[in-house]
Every structure is written in structure tokens, then in C-alpha cells.
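Now for the letters of each chain:
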Amino acid sequence: MKTSLIWNTTLWIAVFTAAGTMAASAETINAAGATFPAPIYQKWFEEFHKAHPDIQINYQAIGSGGGIRQLTEATVDFGASDMPMTNDELSKVSKYKVLHFPTVLGGIVPTYNVPGAASLKFSDATLSGIYLGSIKKWNDAALKKDNPGVNLPNEDITVVHRSDGSGTSFVFTDYLAKVSPEWKSKVGVNTSVNWPVGLGGKGNEGVAGLVKQTPFSIGYVELIYAVQNKMEYGLLKNAAGNFVKADFNTVSDAAAGAAKDMPADFRVSITNAPGKNAYPLSSFTWLLIPDKFTDQTKKKSIVDFLQWMLTTGQADAQALSYAPLPKSIVAQEQKQIALIK
Amino acid sequence: MGTAVVTAPPQSRARNLGKLFRDGDQITHFVTFLFAASVFLVTVFLVYELWIHSGPSRAKFGFGFLTSRTWDPVADQFGALPFIYGTVLTSFLALLISVPLGVGAAIFLAELAPPRFSNICTFLVELLAAVPSVILGLLAIFTLVPIMRQSIEPFLKHTLGYLPLFQGPAYGVGYLTAGIILAIMTFPFIISISREALLVVPREQREAALALGATKWESTWQVVVPYARLGIIGSVFLALARALGETMAVTMVIGNNTGIHTSLLSPGYTIAAIIANDFSEASGDMYLSSLVELGLVLFALTMVLNAAAQLLIIATTGKGSKQP
Amino acid sequence: MNRIARRNIVNNVMLTVTGICTVVTVSVLFLILGYLVVNGWRSVDWNFFTKLPLSPGEAGGGVANAIVGSGVVVLIAMVIGIPVGFLGAIYLAEFGGKTVPMLIRYTADLLNGVPSIVIGIFAWTVIVVPMHHFSAWAGGFALSLMMIPIGLRATEQFLRGVPNSLREASLALGASKTRTIISVIVPAARQGILTGMILGVARIAGETAPLLFTSLNNQYWAKSLNEPTAALPVLIYNYAISPYEDLHRQAWAAGLVLLVLVLIANIASRWVLSRGTTAQRG
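Residues numbered from 1 in each chain as written. Chains lettered and ligands numbered in written order. Predicted model: local features only at pLDDT ≥ 70, side-chain atom pairs only at ≥ 80, totals over all residues. Heavy atoms only, no water.

Concerning the overall build of chain B
1) Next: Looking only at helices and strands, chain B has 12 helices and two strands in total.
2) Next: Its helices and strands taken in sequence order, chain B reads α-α-β-β-α-α-α-α-α-α-α-α-α-α from the N to the C terminus.
3) Next: For 324 residues, the compact-globule estimate of 2.2 N^0.38 gives 20 Å, and the C-alpha radius of gyration of chain B, at 27 Å, exceeds that figure by more than 25%.
4) Next: Viewed in the frame of its principal axes, chain B has a C-alpha envelope of about 110 × 70 × 35 Å.
5) Next: Relative to its full complement of 324 residues, chain B shows a buried share of 56%.
6) Next: Across chain B, contacts joining residues at least 24 apart in sequence account for 74% of those joining residues at least 6 apart.
7) Next: Total accessible area on chain B stands at roughly 13500 Å², and carbon and sulfur atoms take up 69% of it. (Helix = DSSP H or I, 4+ residues; strand = E, 2+ residues; numbered from the N terminus. Rg over C-alpha atoms; globule rule 2.2 N^0.38 Å. Buried < 20%, exposed > 50% of the residue type's maximum accessible area, 1.4 Å probe, protein only. Contact = heavy atoms within 4.5 Å. Areas by Shrake-Rupley, 256 points an atom, 1.4 Å probe, with all protein chains shown as cover.)

Okay, here's the thing in C-alpha cells:
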């Protein structure tokens with residue numbers, strides 16, 4: 001027993017020393033939330049850390065639902081979500097008010113794994129039919145109608161959706177509810193819904209992973225995930241009736257209308273936006289920041305980051321297939337930063 | 001009359017030291033009791049916490065929670081049935097595969113193999129039980145799932161596709177794949193414990209059968225195995241309890257679908273898998289409470305099974321449970 | 001004649017079948033090791049052990065923080081779990097009466113049977129929420145709960161295995177019970193106790209579920225024990241379900257490292273145990 005006691009004490013001392021030496025003067029800020037903007041957030045936090053070596057922001061992409069929950073439980077310093085918090089959710093956060101800060105615009109694309117079929121078109125009826133389970137095969141009449149002349153295989157469609165609480169799911173179901181009354185009444189809109197069919201993947205990465213590995217599958221992911229993994233993604237029919245593919249321009253077009261009528265709390269949906277070239281599955285994504293901080297150094301770091309993000313950071317957006325914020329929105333947000341105490 | 005100065009004479013100083021040692025024993029008794037009691041307290045606290053945090057959903061759904069098929073976060077309606085179904089089905093499939101394999105191997109190792117060889121093989125099988133769940137899941141995603149999708153499931157559909165059990169697309173993930181992975185995780189228990197149970201059967205039983213003209217197989221199957229059946233059944237219960245609570249490997253191959261499906265090829269969900277996937281994100285008190293209640297259900301299931309297993313194993317081998 | 005021949009055939013067939021069962025079950029372990037080696041060996045390089053993870057899509061990252069993080073949570077679990085298991089077992093073996101030890105043993109078995117994900121829930125409600133932090137503490141605590149029953153039962157078993165004659169001899173010489181335990185009983189049982197502890201550590205080193213919502217994960221080095229920390233099993237899980245080839249490679253390598261460590265611990269514990277029994281005989 002004596003030996004194990006000595007052993008234990010030594011280990012304990014070792015742990016403390018290690019922890020102590022690892023503890024530089026750097027401050028760590030913990031954040032969690034959406035996987036939709038995770039690639040650009042990772043890049044931003046890395047670059048911000050290089051510019052400010054004493055600030056380290058640890059972002060865990062656990063899904064928008066996770067970000068909201070952890071913020072409510074106050075286990076993270078700020079959250080991130082593609083779904084603006086509902087009034088109900090906001091009322092649960094008692095210690096402070098949550099401010100929404102849009103960061104970038106992104107597009108959600110229908111990515112699929114069908115060998116030989118490039119740039120397939122999906123009309124709104126087709127996409128909702130696939131996710132409702134009424135369209136079961138790739139060579140279904142509806143798909144053939146959307147894609148005249150394309151040789152579609154006689155294979156079952158494997159539908160992939162999110163298994164976790166996802167802002168991406170929220171945007172996707174928001175779109176489906178707008179274009180399909182059946183979806184609206186049967187399934188509804190939320191970060192987590194009762195999916196009629198399909199496999200569940202964890203995070204945008206999980207869905208991309210599943211689609212990449214499962215032949216004849218379809219899933220919805222943020223554009224960058226399809227691009228980074230060299231996966232095919234389809235075109236969607238927008239409100240004006242045109243089939244558009246998601247990219248920097250079409251997503252920015254979707255935000256053009258919203259920029260004019262942006263509400264003061266920045267909570268807005270831009271799915272199925274009007275506009276000839278608007279991409280219908282576009283969305284803002286938000287950082288959820290408390291308006292009061294007890295730790296003033298943390299507050300300063302976060303405010304510094306927000307300023308950086310709205311100015312320098314926006315330049316990173318396009319390279320990662322996101323669209324930067326319209327100038328009017330940036331100005332509006334800078335005013336909101338002043339509200340943080 | 002002043003107060004007497006009390007100086008302990010040398011003799012009672014020794015007695016004082018003796019008293020200290022006896023007090024020392026009491027201290028040791030007390031300290032060790034505290035640590036032992038902490039185990040009890042922590043477990044009670046665990047059950048208490050599960051009970052408290054599942055309060056909202058228990059109040060709202062009552063026992064209907066266990067029979068409802070709906071899992072709708074939008075409408076705040078939750079039911080445990082799809083997950084209970086998935087948990088039970090995958091565990092059942094796992095046993096279907098691992099019990100014949102495991103008992104067969106146990107018979108070979110206990111009856112036929114030379115002792116050193118048997119010990120080495122048992123050791124290797126018990127090492128398999130030490131393989132972390134996430135590593136089996138990693139292997140499953142990249143090796144088992146493609147094989148299922150490309151070879152095994154199409155084969156099953158081709159030959160047995162008229163049964164509703166084998167219909168639907170070949171996803172590669174699903175109940176059957178999860179069952180196979182669970183089988184790999186459970187047969188070490190079955191082999192290890194069944195082998196012990198078989199080894200304990202008195203030699204006279206075997207010799208009597210052989211003396212009566214039975215073949216080695218007949219003696220084993222008709223005499224030895226029935227003699228050891230309680231221990232073997234106990235090992236099955238233990239394996240089942242392990243399978244029910246398995247999280248990571250199953251989460252990675254079950255497909256994460258919240259419905260109830262007859263086809264074994266279809267994706268589904270287990271209790272452990274949905275808690276792992278949804279817990280840190282459940283937005284909404286009813287959602288979180290339902291997940292905790294699912295945890296409570298799982299806990300209750302494993303508790304009952306473990307108890308049954310222990311009783312059976314103690315009854316046969318005379319030892320306590322063996323943790324391979 | 002025919003009947004005997006048939007019975008003999010059945011005999012040979014069934015015995016061969018059991019042999020096949022054995023071959024199949026034993027070979028699974030080698031298959032697993034083989035796959036991990038083939039897929040992971042190439043990725044186990046210097047970068048792997050020393051660098052931090054990079055953004056997905058950028059090659060060259062490593063898992064250094066996960067290796068250290070795993071070590072930290074396991075150490076915390078040991079610091080909590082070893083004393084509780086060890087001292088608690090001393091109580092059960094040396095001091096307890098009838099009902100109280102039985103109750104404690106029963107709850108220890110109960111705790112052992114709790115699914116690891118439920119332990120994670122408990123640690124979350126009890127540590128993460130009040131602390132308002134994901135932390136290495138919470139992860140270590142959750143793991144310790146899984147380690148305690150194993151250590152407790154193993155230690156008690158080996159303490160009981162020490163012959164009563166040793167106890168009585170020590171007491172007859174005038175030693176107190178405490179002295180007897182410290183100087184006589186525990187040293188006699190030390191191999192078994194050590195085995196139990198090693199097995200407990202090996203078990204928790206590979207656990208993922210309890211860490212999912214306790215220590216969460218971390219891109220960087222955790223600066224204190226109050227922060228989320230990366231851990232090997234969680235990393236393997238996250239990388240395995242992602243779509244990035246580079247991360248898959250690292251998952252294989254991490255899996256190989258983890259499995260090798262767990263297997264070494266298990267084999268070491270067997271070796272320690274076998275040495276112990278021969279020593280006691282001598």
C-alpha cells in the first residue's frame with residue numbers, strides 16, 4: 001500500500017506540474033455550435049489566434065441545437081447556430097440577453113452519390129418527395145422530368161439526413177415547408193424533426209461522410225463540405241422558377257433582399273428568396289453572444305474577435321465558398337457590438 | 001489542595017500507546033468504511049439523478065412512454081418504443097450469432113483442446129473483450145459496412161428476399177450490421193464463462209457416458225452441456241446485458257433512424273445510440289428529459305439482466321462473476 | 001452397423017464444427033489487429049505524436065493533445081478510483097459484518113452494469129452543469145465510476161484469498177489490525193490488487209461514451225483541468241464519421257496506438273498475476 005500511495009502522489013504531482021506548465025498566460029474561450037459554418041470558424045479562430053496569441057477560442061462543432069443548449073446551460077462562453085433562437089429558447093436564458101450576430105452566408109446543397117450523373121436538377125416537389133419517402137428510385141418520373149435526357153439508374157434512393165440537432169436541418173426543413181404543404185403539416189420545421197425516411201449522420205461531416213460512402217444516396221450539406229470532398233451536388237429550382245447552383249453569387253443574391261429589411265435582432269430566414277438568380281437554400285448563420293459578461297477580459301477578447309470578424313474575417317469567406325455579409329448588415333452589427341457590456 | 005499533577009507513570013504510557021493503536025484500528029475501520037460507503041452513495045445518487053432529470057417526461061407521458069412510437073421534437077412528443085425495439089432486436093441478433101459460435105468454441109476449448117492450447121486461446125478471446133468499442137466501430141464503418149452493402153446484404157435479398165425480414169435497400173448500415181458487431185463484442189463473455197462452466201462438470205459424468213458407448217460428441221452434447229447449462233445460460237445473460245448497453249460501435253453502424261422497421265437490413269436506433277447522438281444538443285426540456293428517461297429504462301433493463309446472470313453463474317460455477 | 005457409422009460421422013462433423021467456431025472466434029482478434037496495422041501503421045509518424053490537429057482539409061496535423069488528454073482524464077480517474085476501490089475493498093474484506101458489505105457489493109455490481117452512456121449523463125448533471133464547464137474533471141470522474149467496481153471487486157477477491165493463518169499469526173504477535181493489513185495482508189495480495197487496477201485502467205482508457213458530454217473535445221492544449229480536453233477515443237469517433245480522408249488515416253493510426261496500449265495493459269496484468277501466484281507458493 002505504501003508503494004501505491006507514493007506512486008499515486010507522484011502521479012498527482014506530475015499532473016499538476018504538467019497542467020501548470022501547460023498553463024501559459026493564454027486565455028481560452030469555449031464556444032460550441034453549428035457545423036454549417038465550422039470550416040470558416042476554424043479558419044477564423046486559427047487566424048485570430050495568430051494575430052492575438054494570448055486569445056484562444058476553442059470551437060466544438062456539435063450542431064446548432066448543441067450550441068443553443070450549451071449556451072443556455074452556460075457551459076460555453078458563446079454559441080453558434082444556423083437557426084435563430086426562438087422566443088421560447090431566449091426566455092430560458094435568464095442571466096443575460098442573447099444577441100444574434102450574423103457572420104456569413106452559406107448555401108445548403110443537395111449532394112448525391114450517383115456515378116456518372118453530374119449537376120442533377122431537383123425541383124422543389126422532387127426534393128420534398130424524396131425526403132418524404134414518396135419518391136423512392138433515382139429513375140422516378142419526377143426526377144426524369146427535372147432532368148430530361150439524363151440517364152438515371154434504376155436504383156433505390158438512400159436518403160441521408162442529420163441525426164443531431166442541426167441548424168442546417170432547420171434551414172432545410174424551413175425551405176421544404178415553404179415549398180411543400182405536405183411537408184409542413186406532416187413533418188414541420190425544427191433543428192430536429194421526425195424524418196419520414198433515411199439514415200442519420202452526425203454533423204455536416206457525418207452526412208457528407210455517409211453520402212460519400214453510400215452509392216446512390218442523397219443528403220443535404222453546407223456547400224463547402226461538398227466542395228472540399230469533391231462531391232457532386234445538384235441544382236435547385238428557386239422561387240422565380242430557375243434552376244440555380246449554389247455559389248458565391250447566387251447565395252449573395254438571396255441575401256440582397258434581406259439586407260434592406262433586416263430586423264434589429266437579425267433573426268431572419270432567407271430560404272426561397274425572390275430574385276432571378278437567388279439560391280433558394282441560402283441562410284445566414286449567427287454567433288450567439290451574451291450581452292453581459294462578468295469576466296471583462298473575456299468580453300474584450302470576444303468584442304475584439306467580432307470586430308475582426310466583421311472586417312478582416314469577411315475576406316476569408318469567398319475562398320471557402322461562403323458569401324460575405326452585405327455592407328449594410330456589417331454596419332448594423334457594429335452598432336450592436338456596443339450593446340455588449 | 002491543588003490539582004494533582006497528573007504525570008503518566010511509565011507503565012500506563014505504554015498502555016496509552018496501546019490505546020492509540022486500537023483507536024488507530026477504529027480510525028482505519030471508519031476511513032475504509034467511508035470509502036466503501038461512497039460507492040453505495042454514488043450509485044444511489046446516480047439513480048436519484050436519473051429519476052429527477054427524467055421527471056418532466058415521466059409526468060407528461062407516464063407509462064405510455066414505453067409504448068409510444070412517436071419521436072417528434074417539433075411537437076415535443078417522445079416515445080421509447082423504436083429505441084427499445086432497436087436495442088432488443090440488435091441484442092437478439094447478436095446472441096443469435098454469438099451463442100452458437102461461443103458455445104461451440106467453449107465446447108472445443110473445454111473438451112477437446114489440450115490444456116495449454118485451450119488456455120492460450122481463451123486468453124486471446126478474452127483480449128478481444130478488452131478491445132474498445134470505438135475501435136470496433138472504426139473497423140465496422142470501413143470494412144464491415146462496405147462488405148454488408150456490396151456482398152452480404154444483396155446475397156440475403158437475393159436468396160431470402162421474399163421474407164419481410166430481408167427487404168428494402170441494402171444500406172450497409174442497419175440492424176443486421178449492428179447485430180454482427182455486437183456479436184463480436186459478446187462472444188468473449190460466452191466463451192470464457194461457458195468454458196469455465198463446462199470445466200467444472202465432474203469427470204465421472206463424461207466417463208460414465210463414454211463407458212455406456214456414447215461418442216465423444218454425444219457425451220459432450222447430451223451429458224456435459226446440460227449439466228453446465230445454468231452457467232452457460234448465465235453467460236448468455238451477461239453477454240446480453242453487455243450488448244444492451246453498448247454505445248459507440250452500434251452508433252457508428254445503426255443508421256440513426258427513429259422508426260420501427262421489420263426488415264433487418266433497414267437502419268434503426270438503439271437507446272444508447274440516440275442518447276450519445278442527441279444528448280448534448282437536446283434543445284428543450286421535454287427532449288432532454290425524455291433522453292434521460294431512456295437512460296433510466298436502459299439502466300433498469302441491464303440491472304435486471306445482470307442480477308439474473310449473477311444468480312445463474314453463482315449457482316453453477318460456485319465462483320462470482322468473472323470479468324474477462 | 002449403419003447406426004454406429006452414422007453416429008461416428010455426426011461425432012466427427014460436430015467436433016470439427018466446434019473447432020471451426022474456435023478458429024473463427026480467435027481469429028477475429030488477429031483480424032482486428034491486422035486491419036489496424038495495415039491501415040494505421042503508415043500514419044503513425046513523428047507529426048502524429050507531436051502536432052495539434054489542423055483544420056479539416058489541411059494535411060499534417062497530429063493527435064498530440066488527444067494523447068495527453070487521454071492520459072490526463074485516465075490519471076484523474078485513477079486518483080479518484082484507486083483509493084476508493086482499494087480502501088473500500090479493505091473494508092469489505094477485513095472490517096465489514098454481513099449486511100453492510102453485501103449491500104455495498106451489490107451496488108458495486110450495479111454500478112458496474114450501468115451503461116457507459118448513462119454514466120456520462122450522471123457526470124454531466126453532477127459536474128458539468130453546476131460547474132458551467134465541460135472539463136477534464138468531469139471526464140475523469142465519469143471514468144472513475146467505471147473503474148471503481150472493477151478495482152473494488154478484484155482487490156476484495158485477492159485480500160480474501162490471503163490465508164487466515166497469516167492474519168492470525170500477525171495478530172498473535174501483537175500487531176493491531178491496521179498494522180496487519182498494511183504489513184502483511186496487502187503485500188501478500190499485491191499482485192492481484194495490481195492486476196485489478198491495471199485491468200480497470202485498461203478498460204477506461206478506451207471508453208468514449210462517458211467523455212462525449214463531459215470532457216467534450218478541444219482543438220488545442222487544455223490549459224487547465226477545468227477545460228474541455230481532447231481524448232483519443234473521442235477523436236477516433238469524430239474522425240471516423242467525418243468525410244475527410246486525412247482524418248480517416250489519423251483515426252486508424254490513433255486506433256492502432258490505443259489498441260496496442262490497451263492490449264499491453266491487459267497482457268501485463270495477466271503476467272503480473274501469474275508471477276504473483278508462483279511467488280505465493282514459494
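Now that the structure has been shown, the text picks up again.
Considering helix 5 (residues 124-132) of chain A
All names here are of chain A.
1) Next: Most of helix 5 is tucked away, with seven of its nine residues classed as buried.
2) Next: Of the residues making up helix 5, those classed as buried are Thr126, Leu127, Ser128, Gly129, Ile130, Tyr131 and Leu132.
3) Next: The positive-phi residue at the C-terminal boundary of helix 5 is Gly133, with phi of around 95°.

Overview of the sheet that holds strand 5 (residues 121-122) of chain A
In a beta sheet, neighbouring strands are held together by backbone hydrogen bonds and run either parallel or antiparallel to one another.
Residues and elements named next belong to chain A.
1) Next: Strand order in the open sheet formed by three strands is 5-10-11, and the pairing between neighbours is mixed. Strands at the two margins of the open sheet, each flanked by one partner only, are strand 5 and strand 11 (243-244).
2) Next: Pairing of strand 10 (residues 235-237) with strand 11 involves two bridges; the strand directions are antiparallel. Along strand 11, the bridge assignment pairs Lys237 with Phe243. (Pairing = 2+ DSSP bridges.)

Here we look at the pattern of salt bridges
1) Next: Throughout the structure, instances matching the rule amount to 20 salt bridges over all chains.
2) Next: One salt bridge in this structure joins Lys298 of chain A and Asp77 of chain A, with 3.1 Å as the shortest N-O distance. One end of the pair, Lys298 of chain A, is in helix 12 (residues 296-311); the other, Asp77 of chain A, is in the loop between helix 3 (64-72) and strand 3 (78-81), with 221 residues separating them in the sequence. With respect to burial, Lys298 of chain A and Asp77 of chain A carry one shared label: buried.
3) Next: Among the salt bridges present, the one from Asp246 of chain C reaches Arg249 of chain C, with a minimum N-O distance of 2.5 Å. (Salt bridge = Lys/Arg side-chain N within 4 Å of Asp/Glu carboxyl O.)

What about the packing of aromatic side chains?
Residues and elements named next belong to chain A.
1) Next: On inspection of all chains with the given rule, the structure shows 37 aromatic pairs over all chains.
2) Next: A ring pair is formed by Phe48 and Phe305, whose centres lie 5.2 Å apart and whose planes are at 80°; its orientation type is edge-to-face. Of the two residues, Phe48 sits in helix 2 (residues 38-51) while Phe305 sits in helix 12, which places them 257 residues apart along the sequence. Considered together, Phe48 and Phe305 belong to a single accessibility category, that of buried residues.
3) Next: Taken together, a centroid distance of 6.2 Å and an interplanar angle of 50° make the contact between Phe284 and Trp286 tilted.
4) Next: Aromatic rings pair up to connect Tyr41, Trp44, Phe45, Phe48, Tyr59, Phe78, Phe305 and Trp308 into one cluster. (Phe/Tyr/Trp six-rings, centres within 6.5 Å; stacked < 30°, edge-to-face > 60°.)

Points about the environment of Ala129 of chain B
Residues and elements named next belong to chain B.
1) Next: Mapped onto the secondary structure, Ala129 falls in helix 4 (residues 115-130).
2) Next: The class of Ala129 is buried, set by a relative accessible area of 13%.
3) Next: Each C-alpha atom, one on Ala129 and one on Met185, is 6.3 Å from the other, the two residues being 56 residues apart in sequence.

Focus on the interface of chain A and chain C
1) Next: At the junction of the two partners, chain A supplies 37 residues and chain C supplies 35 residues.
2) Next: Regarding the contact of chain A and chain C, the summed buried area is about 3400 Å², with carbon and sulfur atoms giving 62% of it.
3) Next: Our count for the contact surface shared by chain A and chain C stands at one salt bridge.
4) Next: Here Glu245 of chain C makes a salt bridge to Lys212 of chain A, at a shortest N to O gap of 4.0 Å.
5) Next: Linking chain A with chain C are six residue pairs in polar contact (both at pLDDT 80 or more).
6) Next: Contributing elements (two or more residues each) for the side of chain A that touches chain C: helix 1 (2-22), strand 1 (27-33), helix 2, strand 2 (55-61), helix 3, helix 9 (203-213) and helix 10 (223-228) of chain A. (Buried area = accessible area lost by both parts, 1.4 Å probe. Polar contact = N/O pair within 3.5 Å; in protein donor to acceptor, adjacent residues only side chain to side chain.)

No statement about biological role is implied by the geometric values presented.
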